[in-house]
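# An overview of the molecular structure
Residues per chain are reported as follows:
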Amino acid sequence: MHPEITAPLTFGMLVFDEVEVLDLGGPFEVFSTAGRLARTADDEPLLRVLTVAATRRPVRARGGLRIMPDHTLDEDPPFDVLVVPGGVTTAVEADADVVAWLARRRRTATLTFSICTGAFLLAATGALDGRPATTHWEDQEELARRHREVRVRTDVRWVDDGDIVTSAGISAGIDAALHIVGRLFGEELARRTARQMEYTWTGDVTAEAGPTGQR
């Protein structure tokens, strides 16, 4: 564990109708598995994950999976890292309450992480203006067209720009989530997590955060 991490970190994940299941489940599994492997002195998980939705009703993900959120936007639970999965984001981008909540919580989060088309939600807040970012390969041209201020990267699995990490589509979110674990808690935990998941991962978690991104 890196010496600056002295207390458990909570990952707050936005969920919404038509969220991509692996965009949500992949990083959730990475962070929760790392939390099972890394414990506090009181034997509590060093990483925790909670979900947040616009309302209390179950969210229906793509393919029909139903998810009961832990909290609503109005409850506004405390967390350290904001996680924004993708999917069909058209309705969420048009929801002024969700966009305003994302804009506010992005500013207070230690780190913000988007997966796949979750980049469109961050772009809607203006958080990606003038910054490098990536998304699913099918959506990169649209992101560049709709948000001309974003420096869209097409040649990487994820982009680490310091306080914001964006990943390409679906399974790339697992790679980026492992990178985040390694960045925050050290390479050993990231590799232990990948092994526990029986996931083949060759990410370089020792690279400096910056605008070039990692593959």
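Criteria and cut-off values
Residues numbered from 1 in each chain as written. Predicted model: local features only at pLDDT ≥ 70, side-chain atom pairs only at ≥ 80, totals over all residues. Heavy atoms only, no water. Buried < 20%, exposed > 50% of the residue type's maximum accessible area, 1.4 Å probe, protein only. Helix = DSSP H or I, 4+ residues; strand = E, 2+ residues; numbered from the N terminus. Pairing = 2+ DSSP bridges. Phe/Tyr/Trp six-rings, centres within 6.5 Å; stacked < 30°, edge-to-face > 60°. Lys NZ or Arg CZ within 6 Å of the ring centre and 35° of its normal.

A few words on the pairing of strand β11 (residues 164-167). Burial along β11 is two-sided: the face carrying Ile164 and Thr166 and the face carrying Val165 and Ser167 are both buried. When strand β10 (residues 158-160) meets β11, the two strands line up antiparallel, connected through 3 bridges. Bridging across to β11, Asp160 finds its partner in Val165. Here β10 folds back onto β11, and the loop between the two strands holds 3 residues, one of which, Gly162, carries a positive phi near 85°.

What follows concerns the packing of aromatic side chains. Across all of its chains, the model carries 3 aromatic pairs by this definition. For the pair Phe31 and Phe113, a centre-to-centre distance of 6.4 Å together with 80° between the ring planes defines the contact as edge-to-face. Of this pair, Phe31 sits in helix α1 (residues 21-37) while Phe113 sits in strand β7 (residues 111-115), and the two are 82 residues apart along the sequence. For the pair formed by Phe31 and Phe113, the shared burial category is buried. By the ring-pair criterion, three or more aromatic residues cluster together here, those being Phe11, Phe31 and Phe113. Across the ring face of Phe79, the terminal group of Arg105 is positioned such that the distance to the ring centre comes to 3.9 Å.

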